[in-house]
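# Geometric and topological summary
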Amino acid sequence: MDARWIWLMICLLLLTHYTFQQNSSKRKNGKKDSANNSAIEEIKKQINDIVQDLNLLKEQQALQTVCLRGTKILGKCFLADPSKKTFHAASDDCIAKGGSLSTPLTGDENDQLYSYVRQSIGPEEHIWLGINDMVTDGQWVDQSGSSVRFKNWETEITLQPDGGRSQNCAILSTTANGKWFDESCRAEKASVCEFNIV
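The text that follows walks through the structure, step by step, so that each part is easy to find. Please read these numbers as outputs of a predicted model, since none were measured by experiment. (Residues numbered from 1 in each chain as written. Predicted model: local features only at pLDDT ≥ 70, side-chain atom pairs only at ≥ 80, totals over all residues. Heavy atoms only, no water.)

The next point concerns the overall build of the chain. Within the chain one finds four helices and eight strands. Helices and strands in the chain line up, N terminus first, as α-α-β-β-α-β-α-β-β-β-β-β. Split into buried and exposed, the 198 residues of the chain put 40% on the buried side. Across the chain, the fraction of contacts at a sequence separation of at least 24, relative to all contacts at a separation of at least 6, is 72%. (Helix = DSSP H or I, 4+ residues; strand = E, 2+ residues; numbered from the N terminus. Buried < 20%, exposed > 50% of the residue type's maximum accessible area, 1.4 Å probe, protein only. Contact = heavy atoms within 4.5 Å.)

Written as structure tokens, this is what we have:
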């Protein structure tokens, strides 16, 4: 266990014990002492601060675990999931883990994601990307609803995206060297979740 986490737990226990003692002595005296009330409020605030620090520590440890199981690329951790799911199921799984479907922001990040997918899932796989044009055909947005700035569509052979209203989700293809294709959101593909490193 992390020494900082143990220290936080000890402080929390001591503050709880002190608060209990203050409440007991207040009941015995039967007096309301404003100094004690403000001290108790301060202790409650300190306990809340400790709980917030503890939760932040847990989040950081969870991210470290993700990075150890996955890979770190340009300030993000990526974790591959080879099980094939629809776009929405894959997106929901990433959100439940505290992340989102991978969305490369630069050519370098796309290339590194492509390499990671080839190594972790396989050389002939496709993964869902966290972009779609479900709301307005042809306007590709990320999962926050922001317009996608970086694009890596396959344009030499098939002029992607070419699916119109029937293909509203995007995939990264390892067989096409990391190029993007539009796909039906109901298709089942592997995925990679991304987690921002604080």
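That covers the picture; the talk isn't over yet.
Attention now moves to the side chain of N168. Take N168: it is sitting in the loop between β5 (141-142) and β6 (169-173). Within the structure, the side chain of N168 is placed 3.0 Å from the backbone oxygen of R165, a separation counted as a polar contact. Not counting residues within four places of it along the chain, the set of residues in contact with N168 comprises I131, N132, D133, M134, D137, W140, E183 and C185. (Polar contact = N/O pair within 3.5 Å; in protein donor to acceptor, adjacent residues only side chain to side chain.)

Here the focus is the environment of K151. As for its placement among the helices and strands, K151 is situated in the loop between β5 and β6. What makes K151 partly exposed here is its relative accessible area of 44%.

Turning our attention to the side chain of S102. Mapped onto the elements, S102 comes out in the loop between β3 (100-101) and α4 (107-120). In this structure S102 comes out as buried when scored by relative accessible area, which is 0%. For S102, the contacting residues outside a window of four places in its chain are F78, L113, I127, W128, L129, G130, V192 and E194.

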